[in-house]
Number of protein chains: 2
Amino acid sequence: MVQPLVLPFIHAEWFETPAVVVHRPTLDRNIARMAALAADAKVALRPHVKAHKTVEIARRQRMAGTQGITVAKLGEAEVFAEAGFRDITVAYPVISAVKRDRLAALAARARVTTVADDLEQVDLLARMAEERAVTVGLWLKVDTGLYRCGIPTAEEDRAAAVVSRILLWEKRWREEPGGGVYFAGLLTHAGHAYGAESKEEVEAIAESEGEQLAALKKALQMRGLPTPALSAGSTPTAARVSKVPGISEIRPGNYVFNDRTQVRLGVANPEDCSLRVVARVVSRPTPDRCVIDAGSKTLALDQGAHGSSGLEGFGVVCGKEGLRVTRLSEEHGVIERPNSRVELPRVGQVVELIPNHACPVVNLTRRLGVVGEAGWEGWWSVDAQGRVE
Amino acid sequence: MVQPLVLPFIHAEWFETPAVVVHRPTLDRNIARMAALAADAKVALRPHVKAHKTVEIARRQRMAGTQGITVAKLGEAEVFAEAGFRDITVAYPVISAVKRDRLAALAARARVTTVADDLEQVDLLARMAEERAVTVGLWLKVDTGLYRCGIPTAEEDRAAAVVSRILLWEKRWREEPGGGVYFAGLLTHAGHAYGAESKEEVEAIAESEGEQLAALKKALQMRGLPTPALSAGSTPTAARVSKVPGISEIRPGNYVFNDRTQVRLGVANPEDCSLRVVARVVSRPTPDRCVIDAGSKTLALDQGAHGSSGLEGFGVVCGKEGLRVTRLSEEHGVIERPNSRVELPRVGQVVELIPNHACPVVNLTRRLGVVGEAGWEGWWSVDAQGRVE
């Protein structure tokens, strides 16, 4: 049975629901574990802050030992740069004039790297860097099986062509003073691990993720193209991929919270899930159905990550084994009991849920409640919430 | 072929994507049509503003002729009250002391009605109204087949018991000066219409929605319990239900935008869809796949409304028949072409999409771009975005 971490510390009648709440001791333990894992494996830890979008959490990660942060969007990068983060990987293609402009402004005040997977993009970014007299590191984005962005690692010719182009611009930058781009290395995200059926499958994907990078690095070396670094590793794959020789850094994000998906994958236990949704029963129209005030605008409709759909329903009701969140509309969650011996909560009672996917839940809320060992500690602002542009 | 409404008016290189944009002439036409429909049927139009959460749009609805607004959450009600709306139905159970407190504050500055579906809740709201010297109208929330909140209309004894209790409190309020509650009528939301397979099925649900209300009203009258009003009607069911004798008001929301779900239900044509998502192609790693910068944090994962799943994929790519949005992760949308003769857009190009469900898309953005007949008109703030509490 999954224990509630938050409910013991709140006064239900006066607690505003729905609320997204972090159990800070669990969060800190998750942060420390990943930092230790990276230190043991001698890889850099560059956490993906899109998982939490919260400056306070990124500070805690930094205290535990990190080497910069990863973001998905420039809007996120700008928020964290403003908060004093000075080493940022924008792990997302920067396309369009307006975004190159913003990247240049960011690079003027922080060490910035970003990704590229085609020649034209490399040229546009390099010219921007020269014109604006800023320096930007470029990772070759490679695809290790997610089939989303990036050049498949098996397509060595295509990869070599883009890397050669980056190195050409890098040579120019090294020879002339001013701005330019340099080759940062190979970067991948094996998000297909989220669709795995078992812990063993996750491990196999992680191993393949690392070995594909190492093999491509070797192939590039054979062509005289040196690869400075290999960046890989999400929350499910970080532990295994960090042991593959040659891997330089890992970029997990979700691990600060964990969620029902990580539990399903065998990567975390329910008690490692630091993010909880507190919702109130607002109606109990029949003995077999109650309705809570957390719907898809709070819990999100994800049944996995990356569009995977390994989970049934929309969250775990802590301390209430046997209850199922069977349906969500925007402001309503329907809880049913497949087993009639399980008692449904009454109208007015609060319940605590572990969401399927923590990241979109945080993106839907402006603030995170914080509970510590001794009780309520206040609110953290989700500083980069909704900064999708 | 669905035509783009927004793309002709933007400069792609300098347009920030992803962006949620409203085609104002289409929006205004949708608003006028529903107002005319309500006027013709001689029912009040009390639009559900949770669909757009935008004060500017509610003002346009008011100009076209409405009788107050409907909201789902107190947070939304507070935003619209602040903007000068003085007749508000909170069509959501108000449970907990903290929310009753906020309801009282709201009722002190606007005409407020809300819903109840159990005796204890009626007593709590009535005592709050007396103590705080405010007046609140109470609708009996009834269930016409959505199986979410509300007393099923067939359970006349239960309905009569709650209505009797409301009328008891109303009597006391009428006899003594000060605050109290009164019976507003019967209210339902036939959201199961969103799961219908055909226009005919939608019509049948709409008819049943209205007739169930009328039948329950009659049953209550037989017990000496007068029902002042009958409130029903969502975007798909409004036209039909407003013709059922006795229906007093309709509460559609989505109609201002329409979306792929309304098109699927036969309620709107693609050219009636005023809400569009503009996204950019950020990668085209293979000839059969491109990736856009609108993922689930922009387009939302809905494949219908109310958890229905009648749609394939995650949106219509306007002007590009044959392309499919096959997968969404948080910041990436994957577009594929099942038919190899269809050309995929290139990196840097922008595409315009009609989302599956407009309401969550608007909830995910802080602002709506506005395009008029002559081009770009600026931004509207989504004032009540994320006000789920």
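Counting of residues starts from 1 at the beginning of each chain's written sequence and follows it residue by residue. Note on labels: chains are lettered from A, ligands numbered from 1, in written order. pLDDT decides what is reported in this predicted model: residues at 70 or higher carry local features, side-chain atom pairs at 80 or more are listed and counted, and totals for whole chains, interfaces and linings draw on all residues regardless. Values shown for side chains rest on all heavy atoms present in the structure; no hydrogens or waters enter the calculation.

What follows covers the pairing of strand 18 (residues 375–381) of chain B. Residue and element names in this part refer to chain B. The pairing of strand 17 (residues 367–372) with strand 18 spans six bridges and is classified as antiparallel. Its bridge partner being in strand 18, Leu 368 is matched across the sheet by Trp 380. At least two DSSP bridges between two strands are required for those strands to pair. Where helices and strands are cited, they refer to DSSP runs of H or I of at least four residues and of E of at least two residues respectively, numbered from the N terminus. Hairpin connection from strand 17 to strand 18: two residues lie between these consecutive antiparallel strands.

Attention now moves to the environment of Val 256 of chain B. Residue and element names in this part refer to chain B. Structurally, Val 256 can be placed in the loop between strand 10 (249–250) and helix 9 (260–264). Summary of the burial criterion: residues with accessible area below 20% of their type's maximum are buried, those above 50% are exposed, and those between are partly exposed, where the area comes from a 1.4 Å probe applied to protein chains only. Classification of Val 256 by relative accessible area gives buried; the value is 0%. Sequence separation between Val 256 and Val 49 is 207 residues, and the spatial gap between their C-alpha atoms is 9.6 Å. Dropping the residues within four chain positions of it, Val 256 is found in contact with Leu 27, Asn 30, Ile 31, His 52, Ile 57, Gln 61 and Ser 274. The contact rule is simple, with two residues in contact once any of their heavy atoms fall within 4.5 Å.

UniProt positions are given in the numbering used here, feature names are shortened, and annotations may be inferred rather than shown by experiment. Residues annotated by UniProt as "domain: D-serine dehydratase-like" (unreviewed entry) correspond here to residues 274–372 of chain A. Across residues 274–372 of chain A, helical content stands at 10% and strand content at 38%; the span's end C-alpha atoms are separated by 11 Å.

Attention shifts here to the domain arrangement of chain A. Reports of interface size often rely on the accessible area that becomes lost once the parts have come together. All names here are of chain A. Where each domain begins and ends is defined by an automated method or by a domain database. When the domains of chain A are assigned, the result is domain 1 (7–21 + 263–381) and domain 2 (86–252). Taken together, the contact pairs seven residues of domain 1 with 14 residues of domain 2. Defined in terms of a 1.4 Å probe, buried area is the accessible area two parts forfeit on being brought together, summed over both. Interface area, domain 1 with domain 2, both sides summed: about 770 Å², of which 60% is carbon and sulfur. Three residues, Leu 265, Val 267 and His 306, lead the burial of domain 1 against domain 2; their summed loss comes to 67% of the area buried on that side. One side-chain nitrogen of Lys or Arg within 4 Å of one carboxyl oxygen of Asp or Glu is enough to make a salt bridge. The tally of links from domain 1 across to domain 2 stands at zero salt bridges. Side-chain atoms alone can form a polar contact between residues adjacent in sequence; in general such a contact is a pair of N or O atoms within 3.5 Å, and within protein one must be able to donate a hydrogen while the other accepts it. One can count six residue pairs in polar contact (both at pLDDT 80 or more) joining domain 1 with domain 2. Class assignment for the residues of the side of domain 1 that touches domain 2 results in three nonpolar, three polar and one charged. The nonpolar class holds Ala, Val, Leu, Ile, Met, Phe, Trp, Tyr, Cys and Pro. Asp, Glu, Lys and Arg form the charged class, and all remaining residues, Gly among them, are polar.

Residues and elements named next belong to chain B. Taken across its 11 residues, helix 4 (residues 97–107) has nine buried, putting it largely inside the fold. Within helix 4 the residues assigned to the buried category are Ala 97, Val 98, Lys 99, Arg 100, Arg 102, Leu 103, Ala 104, Leu 106 and Ala 107. Tucked inside the fold, the buried residues of helix 4 contact helix 3 (74–82), strand 4 (87–90), strand 5 (111–116), helix 5 (119–132) and strand 6 (135–143).

Time to look at the side chain of Arg 289 of chain B. Positionally, Arg 289 of chain B belongs in strand 12 (residues 289–292). In terms of polar contacts, Arg 289 of chain B uses its side chain to reach the backbone carbonyl oxygen of Tyr 147 of chain A, at 3.3 Å. In this view, Arg 289 of chain B contacts Asp 143, Tyr 147 and Arg 148 of chain A together with Arg 284, Arg 327, Val 334, Ile 335, Glu 336 and Leu 344 of chain B; residues no more than four positions away in its chain are not counted.

On to the relation of the copies chain A and chain B. Alignment of the copies relies on least squares applied to C-alpha atoms, considering only residues that score at least 70 for pLDDT in both. The transform that puts chain A on chain B rotates by 180° and translates by 0.0 Å along the axis, for an RMSD of 0.0 Å. Viewed as a symmetry operation, the transformation between the two copies matches a two-fold axis. The C-alpha atom lying nearest the rotation axis in chain A is that of Leu 301 of chain A; the distance is 3.1 Å.

At 3.6 residues per turn, the α-helix brings residues three or four places apart onto the same side. All names here are of chain A. Multiplying 1.5 Å by the helix residue count minus one yields the expected span of that helix. Relative to the 20 Å expected for 14 residues at 1.5 Å per residue, helix 5 (residues 119–132) spans 20 Å between its end C-alpha atoms, a close match to the ideal helical length. By the burial criterion, the buried members of helix 5 are Gln 121, Val 122, Asp 123, Leu 125, Ala 126, Met 128 and Ala 129. As for helix 5, its buried residues are in contact with strand 4 (87–93), helix 4 (97–107), strand 5 (111–116), strand 6 (135–143), helix 6 (156–175) and strand 8 (180–187). Where helix 5 begins, the side chain of Asp 118 points an oxygen toward the backbone nitrogen of Glu 120, at a separation of 3.2 Å.

Here we take up the interface of chain A and chain B. Contact residues are listed per partner, giving 64 residues for chain A and 64 residues for chain B. Taking both sides of the interface into account, the surface hidden between chain A and chain B amounts to around 5,600 Å²; carbon and sulfur atoms contribute 50%. Here Glu 331 of chain B makes a salt bridge to Lys 50 of chain A, at a shortest N to O gap of 3.1 Å. Seen at the junction of chain A and chain B, the total is 42 residue pairs in polar contact (both at pLDDT 80 or more). Elements that contribute at least two residues to the side of chain A that touches chain B include exactly strand 4, helix 4, strand 11 (275–286), strand 12 (289–292), helix 10 (296–299), strand 14 (324–328) and helix 11 (358–363) of chain A.

Residue and element names in this part refer to chain A. Here the axes come from fitting lines to C-alpha atoms, over the contacting stretch only for helices, and the angles between their N-to-C directions go from 0 to 180 degrees. For the pair helix 1 (residues 24–41) and helix 2 (residues 55–65), the least separation of the axes is 9 Å and the interaxial angle reads 40°. One way to sum up the angle between helix 1 and helix 2 is to call them oblique. Judged by the sense of rotation from one axis to the other, the crossing of helix 1 with helix 2 is right-handed. Residues Arg 24, Leu 27, Asp 28, Ile 31 and Ala 35 of helix 1 lie in contact with helix 2, whose contacting residues are Ile 57, Arg 60, Gln 61, Ala 64 and Gly 65. Any angle between 65 and 115 degrees counts as roughly perpendicular, while under 35 counts as roughly parallel, over 145 as roughly antiparallel, and the rest as oblique. In a left-handed crossing the near helix is turned counterclockwise from the far helix by less than a right angle, and in a right-handed crossing that turn is clockwise.

Right, let's talk about the packing of aromatic side chains for a bit. The pairing test for Phe, Tyr and Trp rings, Trp by its six-membered ring, is centres within 6.5 Å, and the orientation test on the planes gives stacked under 30 degrees, edge-to-face over 60, and tilted for anything in between. Per the stated rule, a full pass over the model turns up eight aromatic pairs over all chains. Here Phe 15 of chain A and Trp 376 of chain A contribute two aromatic rings whose centre-to-centre distance is 5.5 Å and whose plane-to-plane angle is 80°, an arrangement assigned as edge-to-face. Of this pair, Phe 15 of chain A sits in the segment before strand 1 (19–23) while Trp 376 of chain A sits in strand 18 (residues 375–381), and the two are 361 residues apart along the sequence. What makes Phe 15 of chain A buried here is its relative accessible area of 8%. When the centroid spacing of 5.6 Å and the interplanar angle of 25° are considered together, the rings of Trp 173 of chain B and Tyr 182 of chain B count as stacked. Among the residues examined, Tyr 182 of chain B registers a relative accessible area of 16% and is labelled buried. Put simply, the rings of Phe 15, Trp 376 and Trp 379 of chain A touch in pairs and so form one group of aromatic residues. Criterion for a charge above a ring: Lys NZ or Arg CZ within 6 Å of the ring centre, and within 35 degrees of the ring normal. Its end group placed over the ring of Phe 85 of chain B, Arg 62 of chain B keeps NZ or CZ at 4.1 Å from the ring centre. Just above the ring of Trp 379 of chain B sits the side chain of Arg 367 of chain B; from NZ or CZ to the centre is 3.6 Å.

It is possible for side chains bearing opposite charge to pair when their charged atoms get close. Residue and element names in this part refer to chain A. Applying the stated criterion across every chain yields a total of 66 salt bridges over all chains. The shortest N-O distance in the salt bridge between Asp 87 and Arg 46 comes to 3.0 Å. On the criterion of sequence distance, the pair formed by Asp 87 in strand 4 and Arg 46 in the loop between strand 2 (44–45) and helix 2 is long-range, its members being 41 residues apart. Residue Asp 87 is classed as buried on the basis of its relative accessible area, which comes to 18%. Glu 170 serves as the salt-bridge partner of Arg 174, at 2.7 Å between the closest nitrogen and oxygen. Pair noted here: Arg 174 and Glu 170 are both in helix 6, with a separation of four residues, about one helical turn. Here Arg 174 falls in the exposed class, since its relative accessible area comes to 58%. Judged by its relative accessible area of 10%, Glu 170 is buried. A network of salt bridges, in which partner residues are shared, links Arg 24, Asp 28, Glu 56, Arg 60, Glu 373 and Glu 377.

Below, the discussion takes up the environment of Ser 340 of chain A. Residue position: Ser 340 of chain A is located in the loop between strand 15 (333–336) and strand 16 (350–354). Spatially, the C-alpha atoms of Ser 340 of chain A and Gly 322 of chain A are 9.4 Å apart, while their sequence positions differ by 18 residues.

What follows is about the side chain of Thr 235 of chain A. All names here are of chain A. Within the secondary structure, Thr 235 is located in the loop between strand 9 (230–232) and helix 8 (238–241). Thr 235 gets classed as buried once you look at its relative accessible area, which sits at 6%. A distance of 2.9 Å separates a polar side-chain atom of Thr 235 from the backbone nitrogen of Tyr 255. The residues contacting Thr 235, other than those within four sequence positions of it, are Tyr 194, Pro 252, Gly 253, Asn 254, Tyr 255, Asn 258, Gln 262 and Val 267.

Moving on: the environment of Leu 323 of chain A. Residues and elements named next belong to chain A. With respect to the secondary-structure elements, Leu 323 resides in the loop between strand 13 (316–317) and strand 14. In this structure the C-alpha to C-alpha distance between Leu 323 and Asn 339, which are 16 residues apart in sequence, comes to 8.2 Å. Discounting residues that sit within four places of it in the chain, Leu 323 has contacts with Val 317, Ile 335, Glu 336, Arg 337, Val 342, Glu 343, Leu 344 and Pro 345.

Cis geometry marks the peptide bond from Thr 17 of chain A to Pro 18 of chain A; its omega dihedral reads -5°. Of note, Asn 258 of chain A is a non-glycine position whose phi angle comes to about 60°, a positive value. Positive phi is not limited to glycine here, since Lys 53 of chain B has a value of about 60°. The residue Lys 53 of chain B is located in the loop between strand 2 (44–45) and helix 2 (55–65) in this model. Under the relative-accessibility criterion, Lys 53 of chain B is labelled buried at 0%.

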